[in-house]
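# A closer look at the structure
So you can see what is in the structure, the chains are spelled out below.
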Amino acid sequence: MILAKEFNRNSFARDSDLSISTTPPELPTIAQFGSNSPLELSRASSLAAPFVNGVDLNCGCPQSWACAESLGAALMEKRELVRDMVITTRQRLRDDGWGVRKEADMHDTEGKGRSVSVKIRVHKDLRKTVDFITTVLGDEHNRNIDWLTIHPRTRSTQSSVPINVEALELLTNMFGDKLPILVSGDVYALSTLPYTSHLLQSQLTFNSNSKEPERSGVSGNARPHLPKLAGLMSARALLANPALFAGYETCPWEAVDIFMNKVARAPLPMKLGIHHLTEMCGAGFGPDRSALLTKKERIRLTEFDNWIDIIDFIEEAKKTRGVGAVRGL
Ligand SMILES: Cc1cc2nc3c(=O)[nH]c(=O)nc-3n(C[C@H](O)[C@H](O)[C@H](O)COP(=O)(O)O)c2cc1C
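Residues numbered from 1 in each chain as written. Predicted model: local features only at pLDDT ≥ 70, side-chain atom pairs only at ≥ 80, totals over all residues. Heavy atoms only, no water.

- Labelled according to an unreviewed UniProt entry, the chain appears under the name DUS-like FMN-binding domain-containing protein, originating from Xylaria grammica.
- Comment text from UniProt for the chain, heading Cofactor (unreviewed entry), reads "FMN". (UniProt positions renumbered as here; feature names shortened; annotations may be inferred.)

## As for the sheet that holds strand β5 (residues 148-151)
- With parallel pairing, the seven strands of this open sheet are ordered in space as β1-β2-β3-β4-β5-β6-β7. Of all the strands in the sheet, the pair left with one neighbour each is β1 (2-3) and β7 (229-233).
- When β5 meets strand β6 (residues 181-184), the two strands line up parallel, connected through three bridges. The residue bridging Leu148 from the neighbouring strand is Ile181, located in β6.
- Along the sheet, helix α3 (residues 38-48) makes contact with β2 (30-34) and β3 (54-59), crossing β2 at roughly 155 degrees.
- Relative to the sheet, helix α8 (residues 165-175) contacts β5, β6 and β7, its axis offset from that of β6 by approximately 165 degrees. (Pairing = 2+ DSSP bridges. Helix = DSSP H or I, 4+ residues; strand = E, 2+ residues; numbered from the N terminus. Contact = heavy atoms within 4.5 Å. Axes fitted to C-alpha atoms, helices over the stretch in contact; angles between N-to-C directions.)

## Focus: the pattern of salt bridges
- Scanning the entire structure with this criterion turns up 17 salt bridges.
- Two residues, Asp84 and Arg83, come together in a salt bridge whose shortest N-O distance is 3.2 Å.
- Taking relative accessible area as the criterion, Asp84 reaches 32% and is therefore assigned partly exposed.
- One salt bridge connects Glu303 with Arg300, and the closest N-O pair in it is separated by 3.1 Å. You can see Glu303 and its partner Arg300 sitting in helix α12 (residues 295-303), three residues apart, about one turn around the helix. (Salt bridge = Lys/Arg side-chain N within 4 Å of Asp/Glu carboxyl O. Buried < 20%, exposed > 50% of the residue type's maximum accessible area, 1.4 Å probe, protein only.)

## Overview of the site of the ligand
- In the vicinity of the ligand, the contacting residues are Met1, Gln32, Asn58, Lys119, His151, Arg153, Ser184, Gly185, Asp186, Ser234, Ala235 and Arg236.
- In the model, an oxygen atom of the ligand is placed 2.6 Å from a nitrogen or oxygen of the Met1 main chain.
- The backbone of Gly185 places a nitrogen or oxygen atom 3.5 Å from an oxygen atom of the ligand.
- Summarising the interface, the protein chains cover 67% of the accessible area of the ligand, which totals 600 Å² for the free molecule.
- Looking at side-chain class alone, the shell around the ligand contains two nonpolar, six polar and four charged residues. (Near = heavy atom within 4 Å. Polar contact = N/O pair within 3.5 Å; in protein donor to acceptor, adjacent residues only side chain to side chain. Areas by Shrake-Rupley, 256 points an atom, 1.4 Å probe, with all protein chains shown as cover. Nonpolar A, V, L, I, M, F, W, Y, C, P; charged D, E, K, R; others polar.)

Set out below in structure tokens:
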């Protein structure tokens, strides 16, 4: 979440919050903003639009500092304001010359298409969530948002409490034909989702020459089927295993190698890079709790103060485990 007001006013905030690769992106990038003002969100979106494929408004952050500023999950009580923010932003992007006709501009060959979307939590009383979505969506034949991401927990639900699958089922059944709905929350491994979905029949995409992972079956009577779910978003599990959406249950060494390779080309602040490595080399969130490095090794990793030592350490750890160089990098 990038704070729109600060992004608009400060070039340091823009540099530190939004850095993008100068090579053509392989995947679309969405910049997500925290804002409570139509003017600030539309200005920030206008500044970011040349560099990203779309903008998203965060209505889900439960942190107290954000809610105290009427940002994040506090917006779940301000549905008309959220509607006004997305309408103003869509208009601003249109005035700037971007394509904001949703599906009609998605495959635009000139690369002018830009999306406007919203990420929400749910209310304890789901009727409020239904009202929220109905208001923000607007006319379903000319809707105000391209898609919606639902994190089916309330503002006060701990992330250790499982997501509310019944709420997700109700909302996707109700709105899934009107706009694409993504789910965020508890996407730990594709084989252990608390629901089934046609999305799991899609092709593996991980760019690796190694053996493809086994995909466990996804059928199961206890889990509801969500035919109208359009996408999955993962946060914690994806940090630990960036190959999750390629069907890997745990982080493979190939993902670490690809990460190191990218870091060499576009350096990250070292502390941030080490944080990613310790997440990727830890136990992860799926049913298979095996880790690439032991806890002691991960602590050692946090003590390094230069990339050369980190590279040597990773290579040595791979050697002692009989892991060879990865082909195709
Ligand atoms: C380190 C971290 C940073 C996050 N930052 C954001 C954020 O900037 N915007 C947002 O909408 N959600 C953010 N979230 C929440 C996640 O998007 C997600 O809704 C929540 O973690 C539940 O999904 P998960 O079970 O896949 O982690 C963050 C979560 C974590 C753990």
